[in-house]
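Architecture at a glance
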Number of protein chains: 4
Amino acid sequence: MKNSAILLVSCPDAKGEVATIADFVYRHGGNILHADEHADEESGLFLMRVEFDPKDFDLDLTDKHLTDFSKHFSPIADKFRMNWRLAQSSHRPRMIILVSKYDHCLVDLLYRHQSGELSCDIPLIISNHPDNQPIADFYKIPYVVVSTTRDNKRESEAQIHSLIQVHQADFLVLARYMQVLSNDFVNRYPQRIINIHHSFLPAFIGARPYHQAFTRGVKLIGATSHYVTEVLDDGPIIEQDVVRVSHRDTVEDLIRKGRDLEKVVLSRAVRWHVENRVLLYGNKTVVF
Amino acid sequence: MKNSAILLVSCPDAKGEVATIADFVYRHGGNILHADEHADEESGLFLMRVEFDPKDFDLDLTDKHLTDFSKHFSPIADKFRMNWRLAQSSHRPRMIILVSKYDHCLVDLLYRHQSGELSCDIPLIISNHPDNQPIADFYKIPYVVVSTTRDNKRESEAQIHSLIQVHQADFLVLARYMQVLSNDFVNRYPQRIINIHHSFLPAFIGARPYHQAFTRGVKLIGATSHYVTEVLDDGPIIEQDVVRVSHRDTVEDLIRKGRDLEKVVLSRAVRWHVENRVLLYGNKTVVF
Amino acid sequence: MKNSAILLVSCPDAKGEVATIADFVYRHGGNILHADEHADEESGLFLMRVEFDPKDFDLDLTDKHLTDFSKHFSPIADKFRMNWRLAQSSHRPRMIILVSKYDHCLVDLLYRHQSGELSCDIPLIISNHPDNQPIADFYKIPYVVVSTTRDNKRESEAQIHSLIQVHQADFLVLARYMQVLSNDFVNRYPQRIINIHHSFLPAFIGARPYHQAFTRGVKLIGATSHYVTEVLDDGPIIEQDVVRVSHRDTVEDLIRKGRDLEKVVLSRAVRWHVENRVLLYGNKTVVF
Amino acid sequence: MKNSAILLVSCPDAKGEVATIADFVYRHGGNILHADEHADEESGLFLMRVEFDPKDFDLDLTDKHLTDFSKHFSPIADKFRMNWRLAQSSHRPRMIILVSKYDHCLVDLLYRHQSGELSCDIPLIISNHPDNQPIADFYKIPYVVVSTTRDNKRESEAQIHSLIQVHQADFLVLARYMQVLSNDFVNRYPQRIINIHHSFLPAFIGARPYHQAFTRGVKLIGATSHYVTEVLDDGPIIEQDVVRVSHRDTVEDLIRKGRDLEKVVLSRAVRWHVENRVLLYGNKTVVF
C-alpha cells in the first residue's frame, strides 16, 4: 500500500475553506486522492478530510513534530480558527485491545489484523482473565492479565494506564471488556477508547441488552460501536447495524446472532478510526 | 383467491396438541395448507395457526356463530384449555383508518387496498383534519372529520367509538394519527388498534423521534408497528425495520427516509393482522 | 428551498483539479455547500460535483446559455480537458413518465412529486394503455395514450419523440413501461432515459424476472434502476436493492414484494438524477 | 443441549399427512418441539420437518439402523410414498472441510465450531496447499494436503474420496476450495457438498466474480451458499446475502467486504445443514 497523507480539519464554517485547503495541498505538490467535507448547519461547523499523495510534496513530513508543515499551514489554520491534524498512512497507530472472557471480537480483530485489513500495530492485549492467552499466543501478541475487582479498580486502572504509556498506545479498543472504566480513566483518552455495545443504542442501555431485547419482543437486534465518554453508553456513535430476529429465536440465538453483528460493527469502527476517517462534532461523528 | 379457514390456538404447552388439532381438521375433511406452531418456553405457552382448505370440510362454517364447529371443537379446547378463534379468508375484516395531516401512510394503505394487497374492507377514514378528503374521494372511501381539541377528547373519542360501532369495524389503524388515545378508549380495543411509531422502539419513545435520532447521531433510523396499549409506545411489536443514515442527512432527510420505512412497516403489520397471522403472548407477538 | 448551483466535471485525472475548481468558485464569490470528487484509477478519470450557494456569485447565472460563466470557466475547462455542466436547483428539470398497465411506480412517483420529494416538473405522462388516466387526472398531469403495436413501433416512437420536444422534456422515466425502445430512439437520449428492471441485474435479464427468480430458488430478490442503452438491461446501474424471500413466497408474493422494491429503487434513482448527483464513467455511475 | 429427534419427510402432497405424522409421534410418546411443513404447488410435493423430544418415545432410537422405528413408520411411509429420514441431535454429523489458500471461511468455521455454534465433528481438513496447517493445529484438527494439479485430478479425487470414507464423513464443505470437482466425484455426494460462491448467484457465475461485479458497476455485492451439482454454480441455493458497495470501493474493497459476507453466508448454510433444517425439492431448498 502506497503512503498517503491525511489532513483533518474542523473549524467554524466560512467561505473559501475548501479552496484554501485544496490550494495549499496543490501548491506544495500534493496530489489529492480523496477530499470530503461536511458543513453542519446546526453547529456552524466545517469538517474536512483531505487525503493526498505526498510523493512530490515539498514540505518535510518525516519529522515527527511536523515542524515544517506546521510552519506553513499555521497561517491558514489561524485565519480560519482550525483544529487540525496531519496523519500519514505510513504511521501505523498502536492499538491496545482490552477483553474479558467473551473472545469473539478479539478473535475477529486479531484475524483481520493479521490478514492486513487493519493498518495498525497491536503491541498488547490486556484482560482481566487469563482465558484468552492461547489465541494471543497464536497471533504472537503479548497478553497481560490485570486482575480487576470491586476493590482494586483504582490500582488496576493505574496499571492499565501505565501499560498504555509503556507501549505508547494511540487508542484502546474494548472488545467486550466487561469492566466499567472510571470517569478519571475515560477522560484521559478522549476519542481514543472505542467500545462495542450489544444493542442498537440508545435502546437497551446498560447490562444484558440481549435479555432486554428478548423481553421487549423486538423484531431486530443491533450492535453499536462508539467512543467511550463519562456517560454510560452515550458516547459518539461510530457505527451501528442490526439483524432480524423472530419468535423462534431464544435469548441464546440472540446472543449468537449478536456476536456476528458485534464483530462486524466493531471492526468497521476500528478500521475507520485507524484510517483517520472519523471526525467528531458535538456528540456525533462524521465518517468520511 | 380461494377460500381458506384459519384456526388460531393459544394454550398451555402440553403433549399431543399438534396431533390433536391436525387430526381434528383432517377427520372433518379439511386439507391443511399451512401449519405453524410455537412453544414459548418462558411462559409455557403453546401457539398454533392452522390454515386449511374447507372445501370438503364436513362442519358448517357459513353460520356466523360457528355453532356447529364450536360444538365439535369444544371438547378439545376444554381439554387443553385453549383460547381459540376460527377466521375465514372469505370474511374480509373491516378496518377504519385514523389519520391526521401526514398522508403518506394513508395514501399507501389505500393504494395497497385497491390493488388487492390487503384483504379487508375500509368502511371509513376518520381524521381530525379535512386535508385528506380528496385522496379518500379518489378511492371512494367515506371520510369523516372528528375534530379533536384538548377540551373535547372525551366527546371526540365517544364519536369515534360510535362510528366504529356503526361501521362494524373489526380493527383500527393509526396511520400517523397525532392524537394520544385515552386509556379508556384503548382498553376497549385490545389487539385491535395498530399504530406506526417513527422510531426503532424502544429507542426514541414519545414526540419527535426523528429529531431525537438526529440529535443522538444514530447511524440507522427505524420504524415500529405495534398494537396500542395503555403505556405509550410500549405495546406488542408486530414489525420493525431500519434504514441507514449519515451525517449528510438533515432532519428533513430523516423524515423523508422515514416515510418510506413507515409505509412499508405499517403495511406489513396490517397485512399480517388481516391475514390472521399475528398471535400475542404476553407483551410480544408471534408472526406466523 | 434555497437555490444552489451545481458544477459537474469529468476529465482526465491530473494534479490541482480540486484546488482549481474550488478556487474558481471561491474567487467568484460562491460558498461551497458540498464537494465530492472521485478519481477512478482504472480509467484515469476524475469526476467532481461541487454544490455552492450562488447568492454572492459574481458571474451571471440567470442567462440560459450561461455565456458569462462559460467565458470565465472555459480556460480552466480547456486546460484540464473537462466535460462540464452547470445545473441550478432553481431550474426544475422536466420529466416525462412512460408507463404501461402496472401502476405502482407511477402512483409512487406522482405522490413523491406532489409531496415535494422530487424537484422536477412532470409535463406529461405517456402510456400505451388508457388505464392510468384517472390517477394522472387526480394529480392533474396530462396523460396521452400512444398506442404501440408490433407494426407501428416506428410511428409510435416518432410520436413520443415529438411529444418530448413539444414538452421540452429533459429526461424520461420508464415506470414499468413494457415496450422495448429501438436503438434509434435510445441513442437520441443518452443518460436521459431511466428504467426500472425488476431483478438484481445482471441476474435475470429479460422477460419475467420474478418467474426466473422463483424457478432458480434465490433467497433474495432485487430491483435495479439504470440508464437505458442499446444493450437490453445492460446500461449503467444507478441503484439496486434487495429483499429476502423464502419457500413460503409464491410467484405472486415475489411480485408483491418486488413492487415495494421497484418503487423505492426507481424513486431514489430519479431523485438523484434530478438533484444532479449521478455522473457516468464508462458503463458505471458515481452517485455523489 | 438436550437431545431431540428430527423426522424429515418429502412426498406427494395428500390430505392427512400432517395429522398422520403428528399423531404417529404423539402416539409413541414424543413431544413435538417444532413442526414445519410446506406444500409446493408447482411440484405437488409435501415437505415436513418435525422435531420432537424423544425422552418418553417408546420406539428404540439407539439402534444405528433404526430397525424398530422403521418397522412402525414404514406402513405410513408406504401409504404416502414418503422419502424420510430420522436424525438425532445427539448424533453429531461429521464434516470435512476442503480449503485452498484463502483462509477466512476456514478460520470462521473453526472458531464457530469450537465455540459450540456448529453441532458437528470435524475429523479432517483437506487442502491442496500446506498454508493453513497452523490454524488447524491451533484448533487441533488433523490437516492433510492433497496436492492437485491438472494432470492428477483423478488421483487426487480418489485420495479425497478415500479420506472421506476413512473418516466416515457425512458431508463436505468447500470453504473457498479453488478446485473444480469432477462430475463423477460430485455425483457420489448428492446434497452432501456445500460450497460458497462469492457472488449473488445467478449473477457472476464462474471465475473472479468480484472483478465481474466491479466491471459491471453493481451497487450491491453478494455471496451464495449452495449444494454442489454437476452444473457449475447451479446447485440448490441454501442461503444468500448482500452488502452495499459504491464507486469508492476498489476491487480490493469488494474482496474485503465479500469476505465478511462469505463467512456469514457459509456458516449459516452449514449450521442449517447440521441441524437438519434443509430439504430439497427439485433444484430448490426449503430451510425450515
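Residues numbered from 1 in each chain as written. Chains lettered and ligands numbered in written order. Predicted model: local features only at pLDDT ≥ 70, side-chain atom pairs only at ≥ 80, totals over all residues. Heavy atoms only, no water.

**Describing the relation of the copies chain B and chain A**
In plain terms, the rule: A least-squares superposition brings the copies together, and it is based on the C-alpha atoms of residues with pLDDT no lower than 70 in both. Here a residue-residue contact requires only that any non-hydrogen atoms of the pair lie within 4.5 Å.
The two copies are related by a screw operation: chain B maps onto chain A through 180° of rotation and 0.0 Å of translation along the axis, at an RMSD of 0.0 Å. Taken together, these values place the two copies in the relation of a two-fold axis. Among all residues of chain B, the one whose C-alpha sits closest to the rotation axis is B:Ala203, at a distance of 2.3 Å. The residues that chain B uses at the interface reappear at the interface of chain A in 100% of cases, marking a shared surface.

**Things to note about the interface of chain D and chain C**
Counted only if it meets this: Once two parts are put together, the accessible area they lose, assessed with a 1.4 Å probe and summed over both, is termed the buried area. When a carboxyl oxygen of Asp or Glu lies within 4 Å of a side-chain nitrogen of Lys or Arg, that pair is called a salt bridge. For this analysis, a polar contact is any N or O atom pair within 3.5 Å, provided that within protein one partner can donate a hydrogen and the other can accept it, and provided that sequence-adjacent residues contribute only side-chain to side-chain pairs. Put simply, DSSP H or I for four residues or longer makes a helix, DSSP E for two residues or longer makes a strand, and each gets a number counted from the N terminus. Amino acids are sorted into nonpolar (Ala, Val, Leu, Ile, Met, Phe, Trp, Tyr, Cys and Pro), charged (Asp, Glu, Lys and Arg) and polar (every other residue, Gly among them).
In this assembly, 34 residues from chain D lie in contact with 34 residues from chain C. The contact between chain D and chain C buries some 2900 Å² in all, and 57% of this surface belongs to carbon and sulfur atoms. Contact with chain C buries surface across chain D, with D:Arg216, D:Lys219 and D:His247 losing the most and accounting together for 27% of the total. Between chain D and chain C we count six salt bridges in total. We note a salt bridge from D:Asp241 to C:Arg244, for which the minimum N-O separation is 3.5 Å. Taken together, the connections running from chain D to chain C amount to 18 residue pairs in polar contact (both at pLDDT 80 or more). For the side of chain D that touches chain C, the secondary-structure elements that each account for two or more residues are α7 (209-216), β11 (237-244) and β13 (284-287) of chain D. The class makeup of the residues in the side of chain D that touches chain C is 15 nonpolar, eight polar and 11 charged.

**Examining the packing of aromatic side chains**
This is how it is decided: A pair of aromatic rings is counted whenever rings of Phe, Tyr or Trp (Trp by its six-membered ring) have centres within 6.5 Å, and the orientation is called stacked for planes under 30 degrees apart, edge-to-face for over 60 and tilted otherwise. Residue exposure (1.4 Å probe, protein chains only): buried if accessible area is under 20% of the type maximum, exposed if over 50%, otherwise partly exposed. The criterion is that NZ of a Lys, or CZ of an Arg, lies within 6 Å of the ring centre and within 35 degrees of the ring normal, and then a charge sits over that ring.
Within this structure, the stated rule accounts for 40 aromatic pairs over all chains. Ring geometry for B:Phe73 against B:Trp84: centres 5.3 Å apart, planes inclined by 75°, an arrangement best described as edge-to-face. Of the two residues, B:Phe73 is situated in helix α2 (residues 67-80) and B:Trp84 in strand β4 (residues 83-88); the sequence distance between them amounts to 11 residues. By relative accessible area, which is 26% here, B:Trp84 ends up partly exposed. Three or more aromatic residues link up through ring pairs in this structure, and these residues are A:Phe24, A:Phe52, A:Phe57, A:Phe69, A:Phe73 and A:Trp84. One residue, A:Lys284, lies across the ring of B:Phe214, its end atom 3.6 Å from the ring centre.

**Considering a nonpolar patch on the surface**
Under the convention used in this document: To count toward a patch, a residue needs a relative accessible area over 30% and no salt bridge; like charges are then connected within 9 Å, while nonpolar side chains (Val, Leu, Ile, Met, Phe, Trp, Tyr) are connected within 5 Å. Reported accessibility uses the Shrake-Rupley method at a 1.4 Å probe radius. Residues are deemed covered only where the shown protein chains occlude them.
The grouping of A:Val180, A:Ile205 and A:Leu232 at the surface amounts to a nonpolar patch, some 270 Å² of accessible area in total. Looking at the secondary structure, you find A:Ile205 in the loop between β9 (193-197) and α7 (209-216).

**Here's the deal with the confidence of the model for chain A**
Selection criterion: The predictor attaches a confidence to each residue, called pLDDT, with possible values from 0 through 100.
This prediction gives chain A a mean pLDDT of 96; 100% of its residues lie at or above 70. Reported confidences for the modelled complex are a pTM of 0.96 and an ipTM of 0.93.

**As for the interface of chain B and chain A**
If you look at the interface, chain B gives 34 residues, while chain A gives 34 residues. Between chain B and chain A, the buried area comes to about 2900 Å², and carbon and sulfur atoms account for 56% of it. Where chain B touches chain A, the interface holds six salt bridges. Of the charged contacts, one joins B:Arg244 and A:Glu239 as a salt bridge, the two residues approaching to 3.0 Å between their closest N and O atoms.

**A word on unusual backbone geometry**
Note that the residue after C:Leu201, namely C:Pro202, is joined by a cis bond; omega there is 5°. Looking at where C:Pro202 falls in the secondary structure, it is placed in the loop between β9 (193-197) and α7 (209-216). Unlike most non-glycine residues, A:Leu66 shows phi in positive territory, near 50°. Turning to its location among the elements, A:Leu66 is positioned in the loop between β3 (45-53) and α2 (67-80). When its relative accessible area of 11% is taken as the criterion, A:Leu66 is described as buried. Unlike most non-glycine residues, A:Gln168 shows phi in positive territory, near 50°. A residue is classified by how much of its surface remains accessible, and A:Gln168, at 56% relative accessible area, is exposed.

**Thoughts on the packing of helix α3 (residues 104-114) of chain A against helix α8 (residues 251-274) of chain A**
For any two helices packed against each other, one specifies the crossing angle of their axes together with the interaxial distance. Residues and elements named next belong to chain A. Keep this limit in mind: Axis lines are fitted through C-alpha atoms, for helices just across the contact stretch, and the angle between N-to-C directions can take any value from 0 to 180 degrees. If an angle is under 35 degrees, it is roughly parallel; if it is over 145, roughly antiparallel; if it lies from 65 to 115, roughly perpendicular; otherwise it is oblique. Each helix crossing is assigned a hand: it is left-handed if the near helix lies turned anticlockwise from the far helix by less than a right angle, otherwise right-handed if that turn is clockwise.
As a packed pair, α3 and α8 sit with axes 9 Å apart at the nearest point and diverge in direction by 45°. Comparing their axes, α8 and α3 come out oblique. Where α3 crosses over α8, the two elements pack in a sense that is right-handed. Across the interface between the two elements, His-104, Cys-105, Asp-108, Leu-109 and Arg-112 from α3 touch Arg-259, Glu-262, Lys-263, Val-264, Leu-266, Ser-267 and Val-270 from α8. A breakdown of the residues in the contact of α3 with α8 according to their chemical character gives five nonpolar, two polar and five charged.

**Looking at the domain arrangement of chain A**
All names here are of chain A. Operational definition: Each domain's extent was defined by an automatic or database domain assignment.
Here chain A is partitioned into domain 1 (5-88) and domain 2 (94-287). Distance between the C-alpha centres of domain 1 and domain 2: 31 Å. With 12 residues of domain 1 in contact, the opposing surface of domain 2 contributes seven residues. Carbon and sulfur atoms supply 64% of the area buried between domain 1 and domain 2, which totals about 720 Å² over both sides. Sorting the residues of domain 1 by area buried against domain 2 places Leu-8, Leu-47 and Arg-49 first, and these three jointly supply 48% of that buried surface. For the pair domain 1 and domain 2, the interface holds zero salt bridges. Elements with a minimum of two residues in the side of domain 1 that touches domain 2: β1 (5-12), β2 (31-40), β3 and β4 (83-88). The leading source of residues in the side of domain 1 that touches domain 2 is β3, at four residues. Per-class residue counts for the side of domain 1 that touches domain 2 are seven nonpolar, two polar and three charged.

**Things to note about a negative patch on the surface**
Using the following cut-off: For this count, His and the chain ends are skipped, Lys and Arg are scored as positive, and Asp and Glu as negative. Note on charges: their place is set at NZ of Lys, CZ of Arg, CG of Asp or CD of Glu.
Together, A:Asp13, A:Glu41, A:Glu42 and B:Glu252 give the surface a local cluster of negative charge. By secondary structure assignment, the location of A:Glu42 is in the loop between β2 and β3. With a relative accessible area of 65%, A:Glu42 lands in the exposed category.

**Examining the pattern of salt bridges**
Evaluation of the coordinates by the stated rule reveals 84 salt bridges over all chains. The partner of C:Asp260 in a salt bridge is B:Arg112, and the shortest N-O contact between them spans 2.8 Å. With one member in each of two chains, C:Asp260 in helix α8 (residues 251-274) and B:Arg112 in helix α3 (residues 104-114) form a pair that bridges those chains. Neither C:Asp260 nor B:Arg112 differs from the other in exposure class; each is buried. Where C:Asp234 meets D:Arg216, a salt bridge forms, and the shortest distance between an N and an O atom there is 3.5 Å. Taken together, the residues span two chains, with C:Asp234 in the loop between β10 (220-227) and β11 (237-244) and D:Arg216 in helix α7. Looking at C:Asp234, the relative accessible area reads 28%, which means it is partly exposed. Connected through salt bridges with shared partners, the residues A:Asp108, A:Arg112, A:Glu117, D:Arg259, D:Asp260 and D:Lys263 form a single ionic network.

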